[in-house]
Each structure stands twice: as structure tokens, then as C-alpha cells.
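# Architecture and fold: a report
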Amino acid sequence: MKKADGKNLTATAPENPPRLTKKQNILQAVKFALFSASAGIIQFVSFTLLHEVLKLPYWPGYLTALVLSVLWNFTFNRKYTFKSANNVPVAMLKVACFYLVFTPLSTWWGDALVDGLGWNEYLVLAGTMLINFVTEFLYDRFFVFRKSINTNELGKKEQEKLAEQAAHQTQQ
């Protein structure tokens, strides 16, 4: 596939990733929020089942639910939000690094708040999910997918459409 200027498009991350328009940035944040909300539902429902039905303590239920939601969120955000064609194992390793820090911290503070201070499990879970949402978006956007945004087929088509629109506007 070729761009309007005749250069080949490749599946590798470009040295200078495309500059996103204001509309693209807003849409990216909205998509991330919607996919994160669906992952949050998965996390909340799985936590509830593990906590209420299987009677697991807070931390094992939380960890299991978190892993399920992370896998869901990564899969959809990579393809549809960031439209990235980067190396999946490398991207997943970067996300895993985020969770190597976030998971022990959030498990520690969650357990301390629930078992230590008697806070409601669901209030702690909701607060932790909100912190996770904001920090993961920033981490994914500016570290994991920074140089590979709009490099998959969906992203390439979007960039080509923008280039055509820009060319059409300059001709007028």
C-alpha cells in the first residue's frame, strides 16, 4: 500500500508517528474510556463472583479479576483505540511492566483499606479501577503505543483519509 506521496507504508513503527488531530485525540480518549468501562465490568463481575460466590478474600479475587480485565483491555485498545501494528509480545511486555508496579501497590493498598481499616470492598475496588484507568491511559498513550499509533490497517486508512482531505482543502 502506498501513501498519496508514493512512499510505502510499512507495519513497523515510523520514526515520526503521525501527529493526531484534536478530533483524533478526543476520539482516542473516548474509545479508551469505553473499552476500559467494558473491562471494568468484566473486573467487577468476576471480582463479585469470586468474592461473593467462592468467598475468596479481597486480594486473590482482585488479582484474578484484574488479569482478566487487563487482557481484555489490551486486546481491544491495541487494535481499535491506538490502531497499533507493533510487536504484540513487546507491547504486552511493556503493559506487564506497568502492572508489575501497579498490581502490588494496588493489592497492598486495597488489602490495607479493606482488611486493615474496614473500608467497603466495592468502594476500594471502584477507586482502584479509576486510578488504574487514568494511569494506564497515560502509560499506553505515551509509552507503549507512542511510536506505533495508526500503524495497523485501520490506522493507515484513517491517515490516508486525512491526507486526502488535506490535499483536497489545499486544492480549493
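Remember, it's a predicted structure, so these values are computed and weren't measured experimentally.

A word on the confidence of the model for the chain. Taken over all residues, the pLDDT of the chain has a mean of 88, while the share at 70 or more is 90%. The low-confidence segment residues 1-13 (pLDDT under 50) makes 19 contacts with residues lying over four places distant or belonging to another chain.

Before going further, it helps to examine the nonpolar core. Phe47, Tyr58, Tyr62, Phe82, Val95, Tyr99 and Phe145 are the most contacted members of the largest nonpolar core, which has 24 residues in total. Looking at this core, the elements with two or more residues in it are helix H1 (22-53), helix H2 (58-81), helix H3 (88-116) and helix H4 (121-144). Among the elements that make up this core, the one with the highest residue count is H3 (seven residues).

Moving on to unusual backbone geometry. For Lys55, which is not a glycine, the phi torsion comes out positive at approximately 60 degrees. On the secondary structure map, Lys55 appears in the loop between H1 and H2. A residue is classified by how much of its surface remains accessible, and Lys55, at 62% relative accessible area, is exposed. Positive phi outside glycine occurs at Asn150, with the angle close to 60 degrees. Tracing the sequence through the fold places Asn150 in the loop between H4 and helix H5 (153-171).

Secondary-structure assignment places Pro18 in the segment before H1. Classification of Pro18 by relative accessible area gives partly exposed; the value is 26%.

Criteria and cut-off values
Residues numbered from 1 in each chain as written. Predicted model: local features only at pLDDT ≥ 70, side-chain atom pairs only at ≥ 80, totals over all residues. Heavy atoms only, no water. pLDDT = per-residue confidence, 0-100. Contact = heavy atoms within 4.5 Å. Core = buried A, V, L, I, M, F, W, Y, C linked by side-chain atoms within 4.5 Å. Buried < 20%, exposed > 50% of the residue type's maximum accessible area, 1.4 Å probe, protein only. Helix = DSSP H or I, 4+ residues; strand = E, 2+ residues; numbered from the N terminus.

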